[in-house]
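A look at the structure
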Amino acid sequence: MARLIALTVAVVVSLCVAPKLIEAQEDRRESLRGLVGVGVVVEKLRHYAEREGLTTYSLQTIVEFRLRQAGIRVGRDKERWKMPGSPYLYLNVNALKSDVTDVYAVSMRLELKEMVRPDRDPTVKQFAVTWMALPTVAIVPARDLHLVRESVKEMVDEFINAYLAANPKKERLSPQYIPPRR
């Protein structure tokens with residue numbers, strides 16, 4: 001019963017917060033300007049979700065692969081700490097299994113965290129969220145838990161699109177490109 005109440009609260013909060021997040025996305029996109037790359041941190045999943053086939057490793061691989069595919073540098077461990085602001089994408093997938101049915105309540109959030117210094121005291125440094133994807137909440141049958149990966153891909157694509165909009169690539173010649181004849 002407590003999990004059902006928690007899930008209901010999470011859904012209501014998501015519905016209230018979502019319009020404000022969408023409105024703020026354009027402003028947040030500016031926080032991505034000049035970002036040279038990111039690290040990736042995926043919160044460890046619950047053991048029963050891992051047994052159902054949704055693994056921390058698979059989510060880490062998906063996020064890193066999609067970023068690299070889009071041409072975004074992915075810094076590992078020491079490399080990330082050398083990037084200005086030590087930025088990293090933080091993925092949290094919280095999958096709670098029902099005690100009664102074979103169903104999961106899943107919440108997902110993707111955030112970009114960077115080291116920042118507040119204007120009030122520049123000697124203080126701490127990580128803060130400078131961009132976030134629209135959080136997602138879902139009810140998923142255990143047999144379909146693998147579908148959570150698709151939602152994670154969509155969230156990563158949201159980051160990629162915002163990143164590319166803030167950091168447009170210069171025109172490049174691709175192998176398929178054929179220049180017009182003059």
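Up top you'll find the structure we're talking about.
Residues numbered from 1 in each chain as written. Predicted model: local features only at pLDDT ≥ 70, side-chain atom pairs only at ≥ 80, totals over all residues. Heavy atoms only, no water.

Some points on the packing of aromatic side chains
Applying the stated criterion across every chain yields a total of 5 aromatic pairs. An angle of 75° between the planes, with centres 5.8 Å apart, marks the rings of Trp81 and Phe127 as edge-to-face. One end of the pair, Trp81, is in helix α4 (residues 77–82); the other, Phe127, is in strand β4 (residues 126–132), and 46 residues separate them in sequence. Under the relative-accessibility criterion, Phe127 is labelled partly exposed at 28%. Ring centres of Trp131 and Phe159 lie 5.2 Å apart, and the angle between their planes is 75°; on these two criteria the pair is classed as edge-to-face. (Phe/Tyr/Trp six-rings, centres within 6.5 Å; stacked < 30°, edge-to-face > 60°. Helix = DSSP H or I, 4+ residues; strand = E, 2+ residues; numbered from the N terminus. Buried < 20%, exposed > 50% of the residue type's maximum accessible area, 1.4 Å probe, protein only.)

Observations concerning the side chain of Asn92
The topology assignment puts Asn92 in strand β2 (residues 88–97). Using a relative accessible area of 14% as the deciding quantity, one classes Asn92 as buried. At a separation of 3.1 Å, a polar atom in the side chain of Asn92 contacts the side chain of Tyr90. Other than its neighbours up to four places away in sequence, Asn92 contacts Glu43, Ser107, Met108 and Arg109. (Polar contact = N/O pair within 3.5 Å; in protein donor to acceptor, adjacent residues only side chain to side chain. Contact = heavy atoms within 4.5 Å.)

As for the nonpolar core
Core analysis: the largest hydrophobic core is formed by 39 residues, its most contacted members being Leu67, Val93 and Phe159. When contributions to this core are tallied by element, the ones reaching two or more residues are β1 (39–42), α2 (47–51), α3 (56–69), β2, β3 (103–116) and α5 (148–166). The biggest single contributor to this core is α5, with 9 residues. Those residues in contact with Phe159 that lie beyond four places of it in its chain are Leu32, Leu35, Val38, Leu67, Ile72, Leu89, Leu110, Leu112 and Trp131. (Core = buried A, V, L, I, M, F, W, Y, C linked by side-chain atoms within 4.5 Å.)

Here we look at unusual backbone geometry
Of note, Ser86 is a non-glycine position whose phi angle comes to about 45°, a positive value. By secondary structure assignment, the location of Ser86 is in the loop between α4 and β2. The buried category is assigned to Ser86, whose relative accessible area is 8%.

Overview of the environment of Pro141
Position of Pro141 among the secondary structure elements: in strand β5 (residues 136–141). Pro141 sits 37 residues away from Tyr104 along the chain, and the two C-alpha atoms are 6.0 Å apart.

Re the pattern of salt bridges
Going through the model one piece at a time under the given rule, you end up with 10 salt bridges. With its nearest N and O atoms 3.0 Å apart, the salt bridge here joins Lys97 to Glu52. Placement of the pair is Lys97 in strand β2 and Glu52 in the loop between α2 and α3, with a sequence separation of 45 residues. With relative accessibility at 32%, the residue Glu52 sits in the partly exposed group. (Salt bridge = Lys/Arg side-chain N within 4 Å of Asp/Glu carboxyl O.)

A word on the packing of α3 against α5
Where α3 contacts α5, the two axes come as close as 10 Å, and the packing angle between them is 30°. Relative to α5, α3 is oriented so that their crossing is right-handed. Residues Ser58, Leu59, Ile62, Val63, Arg66 and Leu67 of α3 pack against Arg149, Val152, Lys153, Val156, Asp157, Phe159 and Ile160 of α5. Along the lines of polarity and charge, the residues of the contact of α3 with α5 split into 8 nonpolar, 1 polar and 4 charged. (Axes fitted to C-alpha atoms, helices over the stretch in contact; angles between N-to-C directions. Left-handed = near helix turned anticlockwise from the far one by under 90°. Nonpolar A, V, L, I, M, F, W, Y, C, P; charged D, E, K, R; others polar.)

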